Amino acid sequence: MDGLTSWMEKYILPVAAKIGAQKHLVALRDAFIGTMPATMAGSIAVMINAIIRDLPPQFWPSYDASTIPVIREIISINGFVWNGTLAVAGLVFAFSWGYNLARAYRVNDLAGGIVGMATLIQGIAFSYSTSVATTVPANLMDEINAGTATTGWSATAEGITAGGWGWLNLNHLNGNAYFTVMIMGAISVIIFCKLMLANITIKMPDSVPPAVSKAFAAILPATIALYVIAIINFIVGQLTDGQLIIDLVQKYIAEPFLGLSQGIGAVLIVTVFVQIFWFFGIHGPNVLAPVLEGIWGQAQLINIDIFQKGYDGKTGTSAVLAAIEDGKAYMWVRGSFDAFAWFGGSGGTIVLLIAILVFSKRADYLTVAKLSIGPGIFNINEPVMFGLPIVLNAIMFIPFIVAPLVATTIGWLATYWGLVSPVSQQVTWVVPPMLLSFLATGADWRAPIVTLVCMVVTFFIWAPFVISANKIDPKLGE
């Protein structure tokens, strides 16, 4: 075990440290964190609607929330919250990404956020057009064509065409935009930052107020950066017969990555690395945030969006399941880790605390467990990680890696086999286990049972190592 620890300290720890300090990845992590006020507000709105609109019909088929006073108004209010948050999550992320990236370069962060947001907006659809082939009577055709200039509708004897300009496609502004924002936003904002650092700016006299001078200094770099993106958008459109970069990125980059993320192999690989980083005292979810949030986080936003909007005539969980069948939603998302594997924090450490309280005879372990159980209930595991400690504790290495792998596998199989609904809500991570999984799955009563099974199984993984630790003299160290 000492040899393995030494090898990991030599080869894994330096890599983890570099990843944790790389400014672009740090900025990306902070960009995801920065969207939380909006995404959590939207998630609360969707979750409330799930409880008052979608849950009751599972027990009372005649229940119709749209006919109940106060309930229907609450649902409408939540809809407005969703409109300004999750419906435009990509737009929020675009600003946050630009802001944090500019901040990493130590230039005008507000201007960086604006550049990032403008980069997304300039590359989305501003118009729509659709046609229906059908026989149109002459009088109806004349009536439609009489209003073409204002309605955008036109007709011939063989069909009707509808089109409009100034219509923004929400599928370009929601979670689907994340990959495009990460790529195109990085290009534009880095150009902006490099020009700012090169001092290619408009200089104002010293008498001008600092806020005005700062804004003018950003004009030239921002303009150049946005024109570079505009030229890229134009060239791509010319080469692809008018296709948008955001659609191409979604089709050829985002969808393949999201598809690969659904396999048990990818899920377990990221679980292992989260645990390894934590073992060396490095916050695994933070280091891997670009992967966890960029891939599984986007998948979760898509599930939440479909849960709210519906799909194929279905609503709620039924809509998500139907979309999964068509490859438009996802079985395993970011919140699935929290629901089924990271109870008490990364590694499922609340189970370790229970095992210590049951089996440990060591005063130091019992003291730490008693102090850590309160925070552990709310998924805060730093007290046990650094107080026991688990960090660099050789005897705890194996269960710390194996327990979450087993729990993740159980959760993945239960979701894959349809024994529990996929996660379709974003629940704040401090919600206690079982309640978290219940809410995250759209109030599926089976989810807490799956979480409990995962906890019981991992308890039996932790227990032998806790018992073995009784034989180690605390004064000798581990």
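Residues numbered from 1 in each chain as written. Predicted model: local features only at pLDDT ≥ 70, side-chain atom pairs only at ≥ 80, totals over all residues. Heavy atoms only, no water.

Colleague: In this structure, what is going on with the overall build of the protein? I would like to understand it.
Modeller: Assigned secondary structure in the protein consists of 22 helices and 3 strands. Expressed along its principal axes, the backbone C-alpha trace of the protein runs to roughly 90 × 70 × 40 Å. Counting only residues that meet the buried cut, the protein has 49% of its 478 residues in that class. Summing over all exposed atoms, the protein offers an accessible surface of approximately 22000 Å²; the carbon and sulfur share of this is 69%. For the protein, the separation between the mean place of its 22 positive charges and that of its 25 negative charges on side chains is 13 Å. (Helix = DSSP H or I, 4+ residues; strand = E, 2+ residues; numbered from the N terminus. Buried < 20%, exposed > 50% of the residue type's maximum accessible area, 1.4 Å probe, protein only. Areas by Shrake-Rupley, 256 points an atom, 1.4 Å probe, with all protein chains shown as cover. Lys, Arg positive; Asp, Glu negative; His and termini not counted. Charge placed at Lys NZ, Arg CZ, Asp CG, Glu CD.)

Colleague: Quick question: what am I supposed to make of the pattern of salt bridges here?
Modeller: Two side chains that carry opposite charge are able to pair once their charged atoms sit near each other. By the definition in use, this model includes 7 salt bridges. Linking Glu73 and Arg72 is a salt bridge whose minimum nitrogen-to-oxygen distance equals 3.1 Å. A residue is classified by how much of its surface remains accessible, and Glu73, at 37% relative accessible area, is partly exposed. Residue classification places Arg72 among the partly exposed positions, given a relative accessible area of 35%. Through salt bridges with shared partners, a single ionic network connects Glu293, Arg334 and Asp338. (Salt bridge = Lys/Arg side-chain N within 4 Å of Asp/Glu carboxyl O.)

Colleague: How should I be thinking about the nonpolar core in this particular structure?
Modeller: As a rule of thumb, nonpolar side chains are buried together in soluble globular proteins. Phe93, Trp97, Phe192, Leu352 and Leu388 are the most contacted members of the largest nonpolar core, which totals 117 residues. Take this core: its biggest share by element is 10 residues, from helix α9 (residues 178-197). Shared between two domains, this core holds at least three residues of each, these being domain 1 (90-126 + 168-262) and domain 3 (266-470). Discounting chain neighbours no more than four positions away, the residues touching Phe192 are Val107, Asn108, Ala111, Gly112, Val115, Ala218, Pro221, Ala222 and Ala225. (Core = buried A, V, L, I, M, F, W, Y, C linked by side-chain atoms within 4.5 Å. Domains from an automatic or database assignment. Contact = heavy atoms within 4.5 Å.)

Colleague: It is not clear to me how the pairing of strand β3 (residues 159-165) should be interpreted in this structure. Could you clarify?
Modeller: Here is the key point about a regular strand: its side chains alternate between the two faces of the sheet. In this structure, strand β1 (residues 127-133) lies alongside β3, joined through 7 bridges in antiparallel fashion. Within β3, the residue paired with Ser131 across the bridge is Thr161. Between strand β2 (residues 153-156) and β3, which pair antiparallel in sequence order, lie 2 residues. (Pairing = 2+ DSSP bridges.)

Colleague: In this structure, what is going on with the domain arrangement of the protein? I would like to understand it.
Modeller: Interfaces are often sized by the amount of accessible area the parts lose when they come together. Partitioning the protein into domains gives domain 1 (90-126 + 168-262), domain 2 (127-167) and domain 3 (266-470). When each unit is reduced to the centre of its C-alpha atoms, the spacing between domain 1 and domain 2 is 36 Å. At the junction of the two partners, domain 1 supplies 4 residues and domain 2 supplies 5 residues. Viewed at the interface, domain 2 and domain 1 are joined by 0 salt bridges.

Colleague: Explain the packing of aromatic side chains here, please?
Modeller: For any pair of aromatic rings, the description consists of the separation of the ring centres together with the inter-plane angle of the planes. Tallying each qualifying case throughout the model produces 15 aromatic pairs. Seen from their ring centres, Phe337 and Trp342 are 5.1 Å apart, and the 25° between their planes marks the pair as stacked. Like Trp342, Phe337 is buried. Both rings, one in Phe459 and one in Phe460, keep their centres 5.6 Å apart while their planes meet at 85°; by these two values the pair is edge-to-face. Under the relative-accessibility criterion, Phe460 is labelled exposed at 58%. Over the face of the ring belonging to Tyr105 we find Lys23, whose NZ or CZ atom lies 3.9 Å from the ring centre. The cationic tip of Arg362 hangs over the ring face of Tyr365; the distance from NZ or CZ to the ring centre is 4.1 Å. (Phe/Tyr/Trp six-rings, centres within 6.5 Å; stacked < 30°, edge-to-face > 60°. Lys NZ or Arg CZ within 6 Å of the ring centre and 35° of its normal.)

Colleague: Any chance you could explain the side chain of Thr317 here in plain terms?
Modeller: Turning to its location among the elements, Thr317 is positioned in helix α15 (residues 316-325). Once residues lying within four places of it in the same chain are set aside, the contact partners of Thr317 are Phe307, Ser421 and Thr441.

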